[in-house]
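# Architecture and fold: a report
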Amino acid sequence: MTEINARINRCGVIPVINIKKTEWALPLAEILLEAGFPALEITLRSDAALESMRLIHEKYPEMILSAGTVFYPEQAEAAMAAGANFLVTPGYEANLAAYCKEKGYALVPGCASPSEIQTAYVNGISVQKFFPAELSGGVAALKLFSGAFRDVKFVPTGGISLSNLGSYLKEACVLACGGSFMAPAGLLEAGDWDGIRALCKQVASIAKEAGRM
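Here we summarise the structure given alongside this text. Bear in mind the structure is a predicted one, so any value in this text is a computation, not a measurement. (Residues numbered from 1 in each chain as written. Predicted model: local features only at pLDDT ≥ 70, side-chain atom pairs only at ≥ 80, totals over all residues. Heavy atoms only, no water.)

## Some remarks on the layout of surface pockets
In this structure, the largest pocket spans a volume of roughly 360 Å³. Surrounding the largest pocket, 23 residues form its lining, Val-16, Ile-17, Thr-43, Arg-45 and Ser-180 being those nearest its centre. Those elements giving two or more residues to the lining of the largest pocket turn out to be β1 (13-17), β2 (39-43) and α9 (185-190). Ranked by residue count, the leading element in the lining of the largest pocket is α9, at 3 residues. Per-class residue counts for the lining of the largest pocket are 10 nonpolar, 8 polar and 5 charged. Estimated volume of the second largest pocket: approximately 290 Å³. Together, 17 residues line the second largest pocket, and Tyr-105, Ala-106, Leu-107, Gly-124 and Ile-125 are the ones closest to its centre. Those elements giving two or more residues to the lining of the second largest pocket turn out to be α5 (94-103) and β5 (107-111). (1 Å grid on protein atoms, 1.4 Å probe; cavity = no way out; pocket = protein on both sides within 12 Å on 5 of 7 lines; lining within 4 Å. Points joined across faces, edges and corners; volume = space filled by probe spheres on them. Helix = DSSP H or I, 4+ residues; strand = E, 2+ residues; numbered from the N terminus. Nonpolar A, V, L, I, M, F, W, Y, C, P; charged D, E, K, R; others polar.)

The structure is reproduced here in structure tokens:
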């Protein structure tokens, strides 16, 4: 995961997308890669998620794929078989974490409190999703967490937008930010690929200003 983390850290953003139709998968991946964003989290919230992951993995093997909203070992197995590089969960769950560790699957669990962060860290997980970021204290909380958990890198997700993205990306403890702001549901449903391209350019500009990319 070292090389993957470095690539993600450089761009600073992981789009988190609920792909409801497989025909969205390849156009979205192409736009993201062209814009300089080589990572994509596909949430396991639709029947199209796994097939979309397979399609992207086959055509764009350079894309770093993660499966989000993973709860069970069966989901973890299916996602890894579909081409996922790592798994993302809403919270920290010990049994799933142990299963992923046994299998050698990289896991990024959602953690929002000192107890959750410490539990995940002492169990070998040093990259954690800070979720829900804004409701859990935002940048101010991360500044405090980074003092106590110096070896933990965070992926803030939840409430991240174009207006606050830059403030998160300036924090050294932030590996990258997650969110749907680059490809919101409305634009995907409308097939507005030009609109998504425009948002990607805006996000790239914010990331560069924050010292990423």
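## Regarding the packing of helix α2 (residues 25-34) against helix α10 (residues 193-209)
Two packed helices can be described by the angle between their axes and the distance between those axes. The N-to-C vectors of α2 and α10 enclose an angle of 30 degrees; their axes lie 10 Å apart at closest approach. With respect to each other, α2 and α10 are oriented roughly parallel. The handedness of the crossing between α2 and α10 comes out as right-handed. Contacts from Pro-27, Leu-28, Ile-31, Leu-32 and Glu-34 in α2 reach Trp-193, Ile-196, Arg-197 and Cys-200 in α10. The class makeup of the residues in the contact of α2 with α10 is 7 nonpolar, no polar and 2 charged. (Axes fitted to C-alpha atoms, helices over the stretch in contact; angles between N-to-C directions. Parallel < 35°, antiparallel > 145°, perpendicular 65-115°, else oblique. Left-handed = near helix turned anticlockwise from the far one by under 90°. Contact = heavy atoms within 4.5 Å.)

## Concerning the pattern of salt bridges
For the coordinates displayed, the defined rule picks out 5 salt bridges. For Glu-77, the salt bridge is made with Lys-103, and the minimal N-O distance between the two is 3.7 Å. A residue pair is termed long-range when its members are at least 10 positions apart, and Glu-77 in helix α4 (residues 73-81) and Lys-103 in helix α5 qualify at 26 residues. (Salt bridge = Lys/Arg side-chain N within 4 Å of Asp/Glu carboxyl O.)

## Observations regarding the environment of Gln-118
Among the secondary structure elements, Gln-118 is positioned in helix α6 (residues 114-122). Remark: the alpha-carbon pair of Gln-118 and Asp-194, spanning 76 residues in sequence, is separated by 43 Å.

## Focus: empty space enclosed by the protein
Overall, the coordinates contain 2 cavities of 30 Å³ or more when judged by the stated rule. The space that makes up the largest cavity amounts to roughly 40 Å³. Tallied by class, the residues present in the lining of the largest cavity amount to 5 nonpolar, no polar and 2 charged. If you add up the space inside the second largest cavity, you get close to 40 Å³.

## Quick look at the side chain of Asn-164
Mapped onto the elements of the fold, Asn-164 is located in the loop between β7 (153-156) and α8 (165-169). Residue Asn-164 is classed as buried on the basis of its relative accessible area, which comes to 14%. Excluding residues that lie within four positions of it along the chain, Asn-164 makes contacts with Glu-134 and Gly-159. (Buried < 20%, exposed > 50% of the residue type's maximum accessible area, 1.4 Å probe, protein only.)

## Description of α5
All of the buried residues in α5 are Leu-96, Ala-97 and Cys-100. All buried residues of α5 fall inside an arc of 100 degrees around its axis, so they share one side. Turned more than 90 degrees away from the buried face of α5 sit Asn-95, Lys-101 and Glu-102, all of them exposed. Along its buried surface, α5 packs onto α4, β4 (86-89) and β5. Two to three positions downstream of the cap, the backbone nitrogen of Asn-95 sits 3.1 Å from a side-chain oxygen, assigning the N-cap of α5 to Glu-93. Count one or two residues on from α5 and you reach Gly-104, which has phi positive near 80 degrees. (Arc of directions from axis to C-beta. Polar contact = N/O pair within 3.5 Å; in protein donor to acceptor, adjacent residues only side chain to side chain.)

Purely geometric stuff here, so don't read any function into it on its own.
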